[in-house]
Amino acid sequence: MRHLLAFTLVLFISLPAYGLRCGTNLVEEGDLKIHIRDICGEPLSVEVIGYTLRTERHTNGYLQEREHILEEWIYKRQSKYYDVLTFEAGRLVRIEKIRR
């Protein structure tokens, strides 16, 4: 019984806290911008909010720092809320629901 409870807890913690539903599709962290635009349409607002440096290891073993764009898209899905999507290097990294 304890093992089942521990497994259930780990599974619950690993699930995304919030997804954005566009029609019958669910948008989740890790999705590409092009995919999200295809299924959700044009956002209400698109802004570059900054840049981040990431160290990446290449196939030959050396490390290189690359600058990635941080972008924020805003969708209005419900009358009282905005869905704020944050992208890093073209991939969704965070979904927030903000009350207007």
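Residues numbered from 1 in each chain as written. Predicted model: local features only at pLDDT ≥ 70, side-chain atom pairs only at ≥ 80, totals over all residues. Heavy atoms only, no water.

1. A closer look at the state of the cysteines
Under the criterion given, the structure shown has one disulfide. Sulfur-sulfur distance for the disulfide between Cys 22 and Cys 40 comes to 1.8 Å. Torsion about the S-S bond of the Cys 22 and Cys 40 cystine: about 90 degrees, corresponding to right-handed handedness. Placement of the pair is Cys 22 in strand β1 (residues 20-22) and Cys 40 in helix α2 (residues 33-40), with a sequence separation of 18 residues. No difference in accessibility class separates Cys 22 from Cys 40, as the two residues are buried. (Disulfide = S-S within 2.5 Å. Helix = DSSP H or I, 4+ residues; strand = E, 2+ residues; numbered from the N terminus. Buried < 20%, exposed > 50% of the residue type's maximum accessible area, 1.4 Å probe, protein only.)

2. Here we look at the environment of Glu 96
Here Glu 96 shows up in strand β6 (residues 91-99). Taking relative accessible area as the criterion, Glu 96 reaches 29% and is therefore assigned partly exposed. Each C-alpha atom of the pair Glu 96 and Thr 86 lies 8.5 Å from the other, and the pair is ten residues apart in sequence. Looking at Glu 96, its side chain comes within polar contact range of the side chain of Arg 94, at 3.4 Å. (Polar contact = N/O pair within 3.5 Å; in protein donor to acceptor, adjacent residues only side chain to side chain.)

Scope: geometric values only; no functional claims are made or implied.
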